[in-house]
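# Remarks on the overall topology
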Amino acid sequence: MDYRKVFALFLPILIDQAFIIGFNVMNTAMISSAGVAAVSAVSTVDSLNIFLINVFVAVATGGTVVVAQYKGSRNDAMVSKAASASIASVAMLALGIGVIVMALYDPLLHLLLGSASPDVMAHSKVYLIGSCASFLGIGVVQAVSGIMRGIGRSRVSLALSLIMNVLYVLLNFVFIALLDMGVLGMTIAVNIARYAAAICALWYIIRMDATLHLRLTALLRVPWSMLKKIMTIGMPFAAEQMFFNGGKMLTQVFIVSLGTHAIATNAIGGTIAMLYQIPAVALSITLVTVVGQCIGARNVEDARKFIRSFLWLGCWSFVIMTAILLPLFHPLVALFQPPAEIVDDLFWVLLINAIAQIPLWAISFILPAGLRAAGDSRFTSITSMLTMWLFRIVLGYVLGITLGMGIIGVWIAMNCEWGVRGALFYWRYRGSKWYAHKLV
C-alpha cells in the first residue's frame, strides 16, 4: 500500500461524500418549502432512520474489514466468500429491522414526538413508514459498496451512490417542487432511488464483476463461519451505533421540548455542519480499507503511518473547509428559508462547531476507523457508547435545559464529548493492543 494507491481509493470516496452531503442539503432545502413542520418531521424521523440504518451499515463495515484483510493477505477465494456473507447478512438484517419498525411506528413516534404539534406528527408517520420500506434497498447498496471499497475499487461504490442520490434528488424535485406532494413525495422518491440502486448493485456484482465470481444462489445463504468473522467487527460496531444514535435520539427528545424553532435550528445546523465534514468523512471511510489491507499483510508500521497521516489531513481539511464555508453562512442558510428568529442561533451553533472540529473531529472519528479496521472493534465501541451517554447526553441536558442555554448548549456538549472520546482513542493508538486481534 502506497500513497498513490491511497489517493486512487480516496478520490472516488471524496466525490461520493460531496455528492451525498450536497444532495442532502438540496433535499432539506426542498422540503423546507413545505414549511417548518415538514422540516421538523423529516429531521426528527431521520434521527431514528440514522439510528436504524447504522445498525446494518455497521455489519456492512464488518464485511469491508474482513474483505480488506483477506485482500491484503492475497486470499481471493476467501474474499469472495466474505463478500457473499456480507451481502446476505446485511440484506436480512435490513429487511427485518424495516418490518419490525413499520409494525411499531406508532409507539416509536409518540416516544420521539410526544410534545410535538399534530402537523409534525402527521408528517412523521408518513415519512417513517416510507423510509422503513426502503431499508432493504439501501442495505444491499451499502453491503456491495463496502465490499468494493474493501478490495480497493471505490469507483464502483461511487457509481452506485451517484445512481441512488441523483435519482433521489431528481424525483424529489418532481414530487416536491413540481407536484407539491411534500413529505409523501419524499418517501416515494427515496424508495424508487434506493431499490433502483440495489438492482444495479446486484447486477454489477453478479453479471459484470470478473474477480469475485459471485452467483445469486450464494447470496441467498449465509456461511456461518464467515458470518462469525464479520460479526466480530460488525456487532460491537452495531451496538455502538445503536447506543450512540440512541443517545442522539434522546438528545432530540429534549430538543423537541425546546420547541419547533429549536428542532429546525438543529436540523438546518446539522445539515450545514455536514458540509464541513465532507473531506474528513471520506478520509475515515478510506482508512478502513487502508488499515485493513495493511493488517492483512501483517504490516503494522504502515498501518500506524497511515493513521497518523490521516489524522493530520483530517485536521487540515477542517481548516480549509471552515475558511471556505464560514464566509458563505448567509447564502447557505438562505437555501433553507428559515424563520428570522433562528438565524442568530444558527450562526453561533455553526461557529462554535467549526472551531471545535478542527482539533477534535479527526481523533474522535477518523482514528477509531483505523483501530476498528485492525480488529479493535470492542474497545472503540465501548468507548463511544460510554462517552456519548456520560458526556453528550448528561452535559447536553445540563447546559441546554437546566442552565437554559438551549440548542447552543446542546451543541457545546457534543463538542466536549468529541474531545473526551478522542483522547481515549489516542491513548489506545499509542499502545499495542489495538493491532493484536487476528481475524484472518
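Residues numbered from 1 in each chain as written. Predicted model: local features only at pLDDT ≥ 70, side-chain atom pairs only at ≥ 80, totals over all residues. Heavy atoms only, no water.

### Section: the overall build of the protein chain
Looking only at helices and strands, the protein chain has 17 helices and zero strands in total. Scaling as 2.2 N^0.38, a compact globule of 440 residues should have a C-alpha radius of gyration of about 22 Å, and the protein chain matches this with 21 Å. The proportion of buried residues among the 440 residues of the protein chain is 59%. Contacts in the protein chain between residues at least 24 apart in sequence constitute 84% of all its contacts with a sequence separation of at least 6. Working note: accessible area of the protein chain is about 17,900 Å², and carbon and sulfur atoms make up 70% of it. Between the centroid of the 28 positive side chains of the protein chain and the centroid of its 16 negative side chains there is a distance of 17 Å. (Helix = DSSP H or I, 4+ residues; strand = E, 2+ residues; numbered from the N terminus. Rg over C-alpha atoms; globule rule 2.2 N^0.38 Å. Buried < 20%, exposed > 50% of the residue type's maximum accessible area, 1.4 Å probe, protein only. Contact = heavy atoms within 4.5 Å. Areas by Shrake-Rupley, 256 points an atom, 1.4 Å probe, with all protein chains shown as cover. Lys, Arg positive; Asp, Glu negative; His and termini not counted. Charge placed at Lys NZ, Arg CZ, Asp CG, Glu CD.)

### A short note on the packing of aromatic side chains
In total, this model carries 11 aromatic pairs according to the counting rule given. Among the aromatic residues, ring-to-ring pairing joins Phe318, Trp361, Phe365 and Trp418 into one connected group. Looking at Arg421, its charged tip hangs above the ring of Phe365, at a distance of 4.4 Å from the centre. Taking the ring centre of Phe379 as reference, the NZ or CZ of Arg428 above it sits at 4.3 Å. (Phe/Tyr/Trp six-rings, centres within 6.5 Å; stacked < 30°, edge-to-face > 60°. Lys NZ or Arg CZ within 6 Å of the ring centre and 35° of its normal.)

### Some thoughts on the packing of helix H6 (residues 135-150) against helix H8 (residues 182-208)
Running from N to C, H6 and H8 cross one another at 40°; their axes reach a closest spacing of 8 Å. If you check the angle between H6 and H8, you find them oblique. The chirality of how H6 crosses H8 is left-handed. Mapping the contact onto sequence places Phe135, Leu136, Gly137, Ile138, Val140, Val141, Val144, Ile147 and Met148 in H6 and Arg194, Tyr195, Ala197, Ala198, Ala201, Leu202, Tyr204 and Ile205 in H8. In terms of residue class, the contact of H6 with H8 is made up of 15 nonpolar, one polar and one charged. (Axes fitted to C-alpha atoms, helices over the stretch in contact; angles between N-to-C directions. Parallel < 35°, antiparallel > 145°, perpendicular 65-115°, else oblique. Left-handed = near helix turned anticlockwise from the far one by under 90°. Nonpolar A, V, L, I, M, F, W, Y, C, P; charged D, E, K, R; others polar.)

### A look at the pattern of salt bridges
Within this structure, the stated rule accounts for four salt bridges. Residues Asp302 and Lys305 are paired through a salt bridge, measuring 3.4 Å at the closest nitrogen-oxygen approach. With a gap of three residues between them, Asp302 and Lys305 both fall in helix H13 (residues 300-325), about one helical turn apart. A salt bridge links Arg392 to Glu417; the shortest N-O distance between them is 2.9 Å. (Salt bridge = Lys/Arg side-chain N within 4 Å of Asp/Glu carboxyl O.)

### Examining the environment of Val79
Mapped onto the elements of the fold, Val79 is located in helix H3 (residues 76-103). For Val79 and Ala369, which are 290 residues apart along the polypeptide, the C-alpha to C-alpha distance reads 21 Å. Beyond its immediate stretch of four places on either side in the chain, Val79 contacts Val67, Tyr70, Lys71, Ile151 and Leu212.

### What about the nonpolar core?
Ranked by internal contacts, the top residues of the largest apolar core, which has 67 residues, are Ile272, Val291, Ile307, Phe310 and Ile366. Among the elements of the structure, helix H1 (3-32), helix H10 (224-256), helix H11 (260-276), helix H12 (278-296), H13, helix H14 (329-334), helix H15 (343-373) and helix H17 (406-429) are those that each provide at least two residues to this core. Top contributing element to this core by residue count: H15, with 13 residues. Those residues in contact with Ile366, other than ones at most four positions away along the chain, are Ala280, Leu283, Ser284, Leu287, Phe310, Leu311, Gly314 and Trp361. Membership of the second largest hydrophobic core comes to 63 residues, among which are Leu128, Leu171, Ala193 and Tyr204. (Core = buried A, V, L, I, M, F, W, Y, C linked by side-chain atoms within 4.5 Å.)

### Considering a nonpolar patch on the surface
A surface patch of nonpolar side chains, amounting to about 720 Å² of accessible area, comprises Val126, Phe173, Val174, Leu178, Leu179, Met181, Leu184, Ile188 and Ile192. Every element with two or more residues in the nonpolar patch is listed here: helix H7 (154-178) and H8. Look at Ile192 and you get partly exposed, because its relative accessible area is 40%. (Patch = residues over 30% accessible without salt bridge, like charges linked within 9 Å, V, L, I, M, F, W, Y side chains within 5 Å.)

### Quick look at the confidence of the model for the protein chain
With 92% of its residues at a pLDDT of 70 or more, the protein chain has an overall mean of 83. Put simply, helix H9 (residues 216-219) is where the protein chain has its lowest mean pLDDT, 70, and H13 is where it has its highest, 92. (pLDDT = per-residue confidence, 0-100.)

### A short note on the environment of Leu220
Within the secondary structure, Leu220 is located in the loop between H9 and H10. By relative accessible area, Leu220 is classed as exposed at 68%. When the C-alpha atoms of Leu220 and Ile87 are compared, they prove to be 9.0 Å apart, with 133 residues separating the residues in sequence.

### What to know about a positive patch on the surface
A contiguous patch of positive charge, built from Arg4, Lys5, Lys71 and Arg74, is present on the exposed surface. With respect to the element layout, Lys5 can be found in helix H1. Overall, Lys5 belongs to the exposed group, its relative accessible area being 52%.

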